[in-house]
Amino acid sequence: MTSALSGVSWNDVFNFADYAQLLPLVRNTLIAGAVLGVVGGVVGVLVITRDLPFAVHGISEISFAGASGALLFGASVVAGSFAGSLVAALLLGVLGFRARDRNAVIGVIMPFSLGLGILFLSLYDGRAANKFGLLTGQIVAIDDTSLVTLVVTAVGVLGVLAVIWRPLMFASVDPDVASARGVPVRVLGPLFMLLLGCTVAVSIQVVGALLILALLCTPAAAALKVTASPLWVVLLSVAFACTSMVGGILVALGTSIPISPYVTTISFLIYLACRAVAALRPAPARLVAA
Amino acid sequence: MSEPAVVELVQAELAYGERSLWSGLDLAVEAGQFVAVLGPNGSGKTSLLKVLLGLTDLTSGTAQVMGRPVRRGSPRVGYVPQRHGFDVDVPLRGRDLVQLGIDGHRWGVRLPRRRHRDTIDELIEEVGASSYAHVPLGQLSGGEQQRLRIAQALATDPDILLCDEPLLSLDLLHQRTVVDLLHRRCRDHGTAVLFVTHEINPIVSVTDSVLYIVAGGFRHGPPETVMTTEVLSELYGSDVEVMRRGERIVVLGADEAAHHHEHDRHETVRA
């Protein structure tokens, strides 16, 4: 069967014939996807609550510049993306307390670092897959070392979040009262940026810099459409993120297209479904006093 | 020995750089007192609350709550901030907001506690929010959110409630219920209330004393002695007329007078 798209055969795109043989090869990627789903789903809730989706995009572009620079100069790509992310997180943590300042700073720095990253990649004459992968994600890039880095980072981020979650949530939804109650609002903001930076740095390898919001924004935004329970928002966001990541990897495996379109499509469909549920569901009723 | 005043300011001064908001301020608030803090924009009403919350330091003088120096995060002090609506997507229901008032400042994972659940139920009952405490915060009306904010502020059973324009953009009915709620708390629990507002009429029937601040000058006393043509004209330094229509108090000329003050100040700065 030939499609209308200038002779692309669907059999070239979808081919699940050797699926059983392929599966063990992507064991690391599947584990990475699941771990990223958990950490991304949790962090995403705060990204939405603190109104940071644009900051996530900004951090990921700077992280991309760091990673491609590392690729060019023969350093570790993971170290490069970490360096980029942490610089970005510090910059945003220090410069932008006010949303307007922050967004302007991101708007200025993001195109510059994206340009820088593209410059590094065009000077790099190694494998082309490495280049493209940083932007759009790739499926077989996860060796044992990067998997360990990823898991350790995720556990660290989740551990710190477990300790600061309550005050951080308080400071995010109600900064004035939180501050009056003794919550160190001005420390927690930059600290969260740092955790966000670490999360972005390890996510870039798998989902790619351009599509990171599908992991750090869409699942949490979908969860918030269907519940306002602080616990259920987190659980659903994690479930949605893991479904998108692992599902995306499993489908990508049988095809010749990179992983990211699948991840983004699955998380987008979940978001649409949640919006539909929210629209169709009646507003929560006021209880009548007995 | 007599009980210490709930709030005591002695010769308090607050200045930002060269500009002094107020100085020589002596104020004692007793348990169960309802104090209205009035004055034009920029006269330092909100700053006074910030001092008592421990968020801003006095330039000179002392500020004490229950006989101790003010301290940020004190459970003795409850705070109802200037009203701002919550985002539609905020991951909290009504009762979660109240819960934050109890343990939102604590580190670590929250373990479900029977004691906390009961306290939250009582607080929500007290402010009459039981029927919608389970509804997402972003879907509640301004008046409903404000009641829950009061429940949140009462979560530590404070000795004083600091309220910053809590009636702003509420309709008359909701203004009435919020004021009644605060007054009942004041009367039944002896909780003192410091109520910052630009409009005295919604609270005039429950107010024990008025602290009126204008451009560095102030007057503190019962409403009938402070809210007079003579006192306010002196404070504003121009002709201000106070009229009474039954319960209502109408102040004429204050906005213009405050504007002149602002103008004078700019002139001085430039000169």
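Everything numeric in this text was worked out from a predicted model, so none of it was measured.

Student: Quick question: what am I supposed to make of the overall build of chain A here?
Tutor: Helix and strand counts for chain A come out as 14 helices and 0 strands. Listing every helix and strand of chain A by position from the N terminus yields α-α-α-α-α-α-α-α-α-α-α-α-α-α. For a compact globule of 290 residues, the expected C-alpha radius of gyration is about 19 Å, and chain A comes in at 20 Å, within 12% of that figure. The principal-axis extent of the C-alpha atoms belonging to chain A is close to 65 × 50 × 35 Å. Considering chain A as a whole, with its 290 residues, one finds that 50% of them fall into the buried category. Long-range pairs, those at least 24 residues apart, make up 76% of the contacts in chain A between residues at least 6 apart in sequence.

Student: Sorry, what's going on with the overall build of chain B here?
Tutor: A count of helical and extended segments in chain B gives 8 helices and 12 strands. Projected onto its principal axes, the C-alpha positions of chain B cover 60 × 45 × 40 Å. Counting all 271 residues of chain B, 41% fall into the buried class. A separation threshold of at least 6 residues defines the contact pool for chain B, and within that pool the share at least 24 residues apart is 64%.

Student: Mind showing me how you'd approach the interface of chain B and chain A here?
Tutor: Put simply, an interface is often sized by how much accessible area is lost when its parts join up. Taken together, the 30 residues of chain B in the interface contact 30 residues of chain A. At 3 residues, the largest contribution of residues to the side of chain B that touches chain A is made by helix α2 (residues 94–103) of chain B.

Student: For this particular structure, what's the right way to read the domain arrangement of chain B?
Tutor: Residues and elements named next belong to chain B. When cut into domains, chain B gives domain 1 (7–227) and domain 2 (228–271). For domain 1 and domain 2, the distance between their C-alpha centres works out to 26 Å. On the domain 2 side, the residues contacting the 13 residues of domain 1 number 11 residues. Mapped onto the side of domain 1 that touches domain 2, the elements with two or more residues apiece are β9 (209–214), β10 (217–221) and α6 (223–226). When its residues are assigned to classes, the side of domain 1 that touches domain 2 shows 8 nonpolar, 4 polar and 1 charged.

Student: Quick question: what am I supposed to make of the sheet that holds strand β3 (residues 34–38) of chain B here?
Tutor: Two orientations exist for strands paired in a sheet by backbone hydrogen bonds: parallel and antiparallel. All names here are of chain B. The strand order across the open sheet built from 6 strands is β6-β7-β8-β3-β9-β10, with neighbouring strands paired in mixed fashion. Strand pairing shows two members of the sheet lacking a second neighbour, β6 (77–80) and β10, which therefore form its edges. On average, each strand axis in the sheet is inclined to that of its neighbour by 15°, with strand direction left out of account. Direction of pairing for β3 relative to strand β8 (residues 192–196): parallel, over a ladder of 4 bridges. Looking at β8, one finds that Val35 is bridged to Leu194.

Student: How do you make sense of the pairing of strand β2 (residues 19–29) of chain B when you look at a structure like this?
Tutor: Remark: a regular strand shows side chains that alternate across the two faces of the sheet. Bridge analysis of strand β1 (residues 7–16) of chain B against β2(B) gives 7 bridges, and the strand direction is antiparallel. Within the sheet, the bridge partner assigned to Tyr16(B) lies in β2(B) and is Arg19(B).

Student: Explanation requested: helix α14 (residues 259–280) of chain A in the structure shown.
Tutor: Each α-helix turn comprises 3.6 residues. Residues three or four places apart therefore point the same way. Relative to the 32 Å expected for 22 residues at 1.5 Å per residue, α14(A) spans 32 Å between its end C-alpha atoms, a close match to the ideal helical length. For α14(A), the complete set of buried residues consists of Ile259(A), Ser260(A), Tyr262(A), Val263(A), Thr264(A), Ile266(A), Ser267(A), Ile270(A), Tyr271(A) and Cys274(A).

Student: Please clarify how the nonpolar core should be interpreted in this entry.
Tutor: Note on soluble globular proteins: their nonpolar side chains tend to be buried together. Counting 174 residues, the largest nonpolar core has Leu52(B) and Leu194(B) as its most contacted members. By residue number, the principal contributor to this core is helix α10 (residues 185–207) of chain A, which donates 13 residues. Structurally, this core is a two-domain feature, drawing no fewer than three residues from each of domain 1 (7–227) and domain 2 (228–271) of chain B. With sequence-adjacent residues up to four places away left out, Leu52(B) is seen in contact with Val7(B), Ala63(B), Val65(B), Val70(B), Val77(B) and Leu162(B).

Criteria and thresholds
- Residues numbered from 1 in each chain as written.
- Chains lettered and ligands numbered in written order.
- Predicted model: local features only at pLDDT ≥ 70, side-chain atom pairs only at ≥ 80, totals over all residues.
- Helix = DSSP H or I, 4+ residues; strand = E, 2+ residues; numbered from the N terminus.
- Rg over C-alpha atoms; globule rule 2.2 N^0.38 Å.
- Buried ≥ 20, exposed ≤ 12 C-beta atoms within 10 Å, placed from the backbone.
- Contact = placed C-beta atoms within 7 Å.
- Domains from an automatic or database assignment.
- Nonpolar A, V, L, I, M, F, W, Y, C, P; charged D, E, K, R; others polar.
- Pairing = 2+ DSSP bridges.
- Axes fitted to C-alpha atoms, helices over the stretch in contact; angles between N-to-C directions.
- Expected span 1.5 Å × (residues − 1).
- Core = buried A, V, L, I, M, F, W, Y, C linked by C-beta atoms within 7 Å.

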